[in-house]
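Residue-level listing of the chains:
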Amino acid sequence: MHAQLAPHLCGLLLIAACDSRPTRDSEVIVSAAVVAEPVLGERAAMYFLVSNPGALDDSLIQISSPAAERAEIHRTLDHGGMMTMEPVGSLLIPAGATVRLAPGGHHVMLQNLTRTLAAGDTVTANLRFQRTGEVFIQARVVAYTQLEEATGRQESHDPGRH
Ligand SMILES: [Cu+2]
């Protein structure tokens, strides 16, 4: 019977392995945050992992950062090889799931940067989730050439691509 006490315990253990910070079951965990070093200087993309070990869905609904006048959640669209992106109002973080923001998919767009960002800098941001509330994060700025490695280095729990 004991084995059935916590059906989501495996998920929690996996997440604990990724991120050593203590957490409450009802809160999402953000890890591996990076910002791509901007090429043109006006905006930059931010990526991270969001894990939701709880039994209830959560949603990322708002972002702010002192490094940008505003921040939006974007999704990437592929029109037969032509990539565009558009803002979305929120990003669902389903119960028990880990959502990866990564190049070619969802990302946070830091619009109208307030300062120059170069590889090695740190960007802070406040993420607001519907259930969890505010989560403060620090993201490392990485060179574009190191982005794939930086956003895919989490010894992936989802080896397949989606
Ligand atoms: Cu974008």
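Reading the values: rules and limits
Residues numbered from 1 in each chain as written. Predicted model: local features only at pLDDT ≥ 70, side-chain atom pairs only at ≥ 80, totals over all residues. Helix = DSSP H or I, 4+ residues; strand = E, 2+ residues; numbered from the N terminus. Buried ≥ 20, exposed ≤ 12 C-beta atoms within 10 Å, placed from the backbone. Contact = placed C-beta atoms within 7 Å. Pairing = 2+ DSSP bridges.

(A) Fine view of the overall build of the protein chain. When helices and strands are counted, the protein chain shows two helices and ten strands. When the elements of the protein chain are put in sequence order from the N terminus, they spell out α-β-β-β-β-β-β-β-β-β-β-α. Taken across its 162 residues, the protein chain has 30% of its residues classed as buried. Sequence separation of at least 24 residues holds for 70% of the intrachain contacts in the protein chain that already meet a minimum separation of 6.

(B) Main features of the environment of R100. Along the polypeptide, R100 turns up in strand β7 (residues 98–100). On the basis of neighbour count, R100 is assigned to the partly exposed category, with 19 C-beta atoms found within 10 Å. When the C-alpha atoms of R100 and S31 are compared, they prove to be 9.8 Å apart, with 69 residues separating the residues in sequence.

(C) Up close: the pairing of strand β5 (residues 82–88). In terms of burial, β5 is largely open, as just zero of its seven residues are buried. Of the strand pairs in this sheet, strand β4 (residues 68–79) and β5 are connected by seven bridges, and their pairing is antiparallel. Considered in β5, the bridge of H79 is made with M82. The antiparallel hairpin formed by β4 and β5 contains two residues in its connecting segment, where G80 sits at a positive phi of about 55 degrees.

(D) Representation of the pairing of strand β10 (residues 133–142) in the model. Bridging between strand β1 (residues 29–36) and β10 involves three bridges; their strand directions are parallel. Counterpart to V34 in the pairing with β10 is R140. For strand β9 (residues 122–129) and β10, the ladder comprises eight bridges, and the chain directions are antiparallel. Bridging across to β10, T122 finds its partner in R140.

(E) Region of the structure containing the environment of P94. When you line up the elements, P94 lands in the loop between β6 (91–93) and β7. A sequence separation of 44 residues divides P94 from V50, and the C-alpha atoms of the two residues are 10.0 Å apart. In this structure P94 touches N52 and D57, once residues within four positions along its chain are discounted.

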